[in-house]
Amino acid sequence: MDETRHERIRAAVAAIPEGRVATYGDVAAEVGETSARLVGRVLREDGSDLPWHRVLRADGSSAPQILDEQHARLRAEGVEIRDGRVVLANHRVASGWIS
DNA sequence: GCGGTGACAATGC
DNA sequence: GGCATTGCCACCG
């Protein structure tokens, strides 16, 4: 595949099923050629057309800048949120959800 | 080429 | 569970 990291990250995020979430580290692991920081950068740059709200931090929290929309969209999809943190144990996608 | 910065992660206290 | 430190990669002045 001649896709760049940017495209791979977008594909991985777009492959997250509705009602499920993934951490930046999980997305980076699926891409396998990038780091968690790269994922955040791509989502900020070109996440407008992606389910970026399904991507969370390793502890289930998220950045304050996007937290309000993150919170609203996830609940709309049926994702449980506990004290500002998503319940990863019940909504985290399995490793290799793309393949 | 260098230092600073950021939608992060892992570890230690 | 929360805060501080370190490491990571790409972009900007």
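Right, let's walk through the structure included here. Here the structure is a predicted model, which means the values were calculated and not measured. (Residues numbered from 1 in each chain as written. Chains lettered and ligands numbered in written order. Predicted model: local features only at pLDDT ≥ 70, side-chain atom pairs only at ≥ 80, totals over all residues. Heavy atoms only, no water.)

### A closer look at the overall build of chain A
- Tallying secondary structure elements over chain A gives 5 helices and 4 strands in all.
- Counting helices and strands in the order they occur from the N terminus, chain A gives α-β-α-α-β-α-β-β-α.
- In terms of overall dimensions, chain A is globule-like: its C-alpha atoms have a radius of gyration of 12 Å, near the 13 Å expected for 99 residues.
- When the backbone C-alpha atoms are referred to their principal axes, chain A occupies close to 40 × 25 × 20 Å.
- Considering chain A as a whole, with its 99 residues, one finds that 35% of them fall into the buried category.
- A fraction of 64% describes how many contacts in chain A between residues 6 or more apart in sequence connect residues 24 or more apart.
- Accessible area for chain A stands at about 6,100 Å²; split by element, carbon and sulfur atoms hold 43% of it.
- Put simply, chain A has 14 plus and 16 minus side-chain charges, and the middle of one group is 5 Å from the middle of the other. (Helix = DSSP H or I, 4+ residues; strand = E, 2+ residues; numbered from the N terminus. Rg over C-alpha atoms; globule rule 2.2 N^0.38 Å. Buried < 20%, exposed > 50% of the residue type's maximum accessible area, 1.4 Å probe, protein only. Contact = heavy atoms within 4.5 Å. Areas by Shrake-Rupley, 256 points an atom, 1.4 Å probe, with all protein chains shown as cover. Lys, Arg positive; Asp, Glu negative; His and termini not counted. Charge placed at Lys NZ, Arg CZ, Asp CG, Glu CD.)

### A look at the pattern of salt bridges
- Summed over all chains, the structure comprises 5 salt bridges.
- Note that Asp 26 is salt-bridged to Arg 92, the shortest N-O span being 2.7 Å. With Asp 26 in helix 2 (residues 24-31) and Arg 92 in the segment after helix 5 (88-91), this pair connects stretches of sequence that are 66 residues apart. (Salt bridge = Lys/Arg side-chain N within 4 Å of Asp/Glu carboxyl O.)

So yeah, pure geometry; function would need other evidence.
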